[in-house]
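# Coordinate inspection notes
Listed here are the chains, written in short residue letters.
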Protein chains: 2
Amino acid sequence: MRNTEQKSVILEVLQTHKDHPTADQLYSEVRERLPKISLGTVYRNLEKLSSSGVIMKLELGGNQKRFDPNPMDHYHFRCITCSSIEDLPQDLKVDLPDINSETRSNRVILGTTLEYYGYCEECAANKILN
Amino acid sequence: MRNTEQKSVILEVLQTHKDHPTADQLYSEVRERLPKISLGTVYRNLEKLSSSGVIMKLELGGNQKRFDPNPMDHYHFRCITCSSIEDLPQDLKVDLPDINSETRSNRVILGTTLEYYGYCEECAANKILN
DNA sequence: AATATACTAGTAATAGTTATCATTAAGGAG
DNA sequence: CTCCTTAATGATAACTATTACTAGTATATT
Ligand SMILES: [Mn+2]
Ligand SMILES: [Mn+2]
Ligand SMILES: [Zn+2]
Ligand SMILES: [Zn+2]
């Protein structure tokens, strides 16, 4: 894996985020620093960075993948109205059962995804006003 | 909501499944009984059936939505090799923390999604052979 | 400096899903 | 049962997110 300016700018821009931007959101921000970059390059590098464990690719509900500068295992809340994704505190850990012993199977478990969904604080407040 | 033959055949076909078919898998099976049905009708009815709580739409990892004849809350395992989705036993319930009190927030929590992923038993066995 | 090749920009292609619209058929009223 | 309103359908186009392709460029190794 070579160190290109594109890759490092994409990573830097992602690391300024506390939320979980989509590829096209990152694309438009990165373009402010590298106006000639192409969307494909953004996707390609996000893929590499996540498969090498530097960042994390989130495949939650909704139709767009999200990218997380924090590759540590943690949980998320997704607002079904505004599509925002919020982090849940990293020390919040649920003790998940061993499904292989429960079901007498020999799967290889690589990980889990736990997502809460509903209305975020802001959207919930807006709903009451209607 | 009117009772059309298309809707009832789609539901019947889905209910024969123990797995979690995609819209196009259901489309090809339904066409054996209703050769003139269109894919849009399948999507439209799956949407209605799930929003009325008869079935469940799954938005897990991977790029296709899956449909589940069982609308009760339960967890799934997803194989990242063959994309199969397996049910975890319905009585397997994890005690999930109240994230609002944890984070002092006023979100409205409508539900959670818990997904295990990895290699299913069959794909895990095949990997050993290579 | 020369070289091999991973990476890029630009663009085309693909896949999944949703929208449009003229036509059909549920199902309630009379 | 017949008429009527309108939800639903089939056919197709449009859309969105993502991936593939390719000739040219830039990285990093020799
Ligand atoms: Mn996160
Ligand atoms: Mn299921
Ligand atoms: Zn919101
Ligand atoms: Zn598998």
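The coordinates are above.
Structure report, in brief.

## A word on a nonpolar patch on the surface
Residues A:Ile80, B:Val108 and B:Leu110 make up a contiguous nonpolar surface patch of about 220 Å² in total accessible area. Within the element layout of this structure, B:Val108 appears in strand 5 (residues 108-119). On the basis of relative accessibility, which here comes to 32%, the residue B:Val108 falls in the partly exposed class.

## Concerning the relation of the copies chain A and chain B
Expressed as a screw transformation, the operator carrying chain A onto chain B has a rotation angle of 180° and an axial translation of 0.0 Å, and the superposed copies differ by an RMSD of 0.0 Å. Here the two chains are linked by the operation of a two-fold rotation axis. Of every C-alpha in chain A, the one belonging to A:Leu114 sits nearest the axis of rotation, 2.3 Å from it. The overlap is high: 100% of the interface residues of chain A also sit at the interface in chain B, so the same surface is used on both sides.

## Let's talk about the environment of B:Lys57
Residues and elements named next belong to chain B. Tracing the backbone shows Lys57 in strand 1 (residues 56-58). The class for Lys57 is partly exposed, based on a relative accessible area of 24%. Sequence-wise, Lys57 and Met1 are 56 residues apart; in three dimensions their C-alpha atoms are separated by 18 Å. Sequence-distant contacts of Lys57, that is, excluding residues within four places in its chain, are made with Glu47, Ser50, Lys65, Arg66 and Phe67. A distance of 2.9 Å separates a polar atom in the side chain of Lys57 from a polar atom in the side chain of Glu47.

## Observations concerning the interface of chain A and chain B
Counting residues at the interface gives 35 residues for chain A, matched by 35 residues for chain B. The junction of chain A with chain B conceals about 3,200 Å² of combined surface from both sides, 62% of it contributed by carbon and sulfur atoms. For the pair chain A and chain B, the interface holds two salt bridges. A salt bridge links A:Glu86 to B:Arg107, with the shortest nitrogen-to-oxygen separation between them at 2.8 Å. Inspection of the region where chain A meets chain B yields 18 residue pairs in polar contact (both at pLDDT 80 or more). Those elements that provide at least two residues to the side of chain A that touches chain B are helix 4 (99-103), strand 5 (108-119) and helix 5 (121-128) of chain A. For the side of chain A that touches chain B, the leading source of residues is strand 5 of chain A, giving twelve residues.

## Notes on the coordination of the zinc ion (ligand 4)
All names here are of chain B. Of the protein atoms, only Cys79 (SG), Cys82 (SG), Cys120 (SG) and Cys123 (SG) coordinate the zinc ion (ligand 4), at distances of 2.2 to 2.4 Å. For the zinc ion (ligand 4), the four donor atoms in the first shell make angles of 103 to 116° at the metal, so the coordination geometry reads as tetrahedral. In primary-sequence terms, the residues that donate to the zinc ion (ligand 4) follow C-x2-C-x37-C-x2-C. Of the two residues, Cys82 sits in the loop between strand 3 (76-79) and strand 4 (85-87) while Cys120 sits in the loop between strand 5 and helix 5 (121-128), which places them 38 residues apart along the sequence. For Cys120, a relative accessible area of 4% puts it in the buried group.

## Details of the protein's contact with DNA strand D
For DNA strand D, the set of nearby residues contains 18 residues, the closest of which are A:Tyr43, B:Thr4, B:Thr41, B:Arg44 and B:Lys48. Sugar plus phosphate, as a fraction of atoms of DNA strand D within 4 Å of the protein: 72%. Contact between DNA strand D and A:Arg2: a base oxygen at 3.0 Å from a side-chain N or O atom of the residue. Only helix 3 (39-51) of chain A together with helix 3 (39-51) of chain B provide two or more residues apiece to the surface near DNA strand D. Its residues assigned to classes, the surface near DNA strand D shows four nonpolar, eight polar and six charged.

The rules behind these values
Residues numbered from 1 in each chain as written. Chains lettered and ligands numbered in written order. Predicted model: local features only at pLDDT ≥ 70, side-chain atom pairs only at ≥ 80, totals over all residues. Heavy atoms only, no water. Patch = residues over 30% accessible without salt bridge, like charges linked within 9 Å, V, L, I, M, F, W, Y side chains within 5 Å. Areas by Shrake-Rupley, 256 points an atom, 1.4 Å probe, with all protein chains shown as cover. Salt bridge = Lys/Arg side-chain N within 4 Å of Asp/Glu carboxyl O. Helix = DSSP H or I, 4+ residues; strand = E, 2+ residues; numbered from the N terminus. Buried < 20%, exposed > 50% of the residue type's maximum accessible area, 1.4 Å probe, protein only. Least-squares fit on C-alpha atoms with pLDDT ≥ 70 in both. Contact = heavy atoms within 4.5 Å. Polar contact = N/O pair within 3.5 Å; in protein donor to acceptor, adjacent residues only side chain to side chain. Buried area = accessible area lost by both parts, 1.4 Å probe. Donors = N, O, S within 2.8 Å, 3.2 Å for Na, K, Ca; no water. Tetrahedral: all angles 85-135°; square planar, octahedral: opposite > 155°, others 65-115°. Near = heavy atom within 4 Å. Nonpolar A, V, L, I, M, F, W, Y, C, P; charged D, E, K, R; others polar.

So, to be careful, I would describe these as geometric facts and stop short of saying anything about function.
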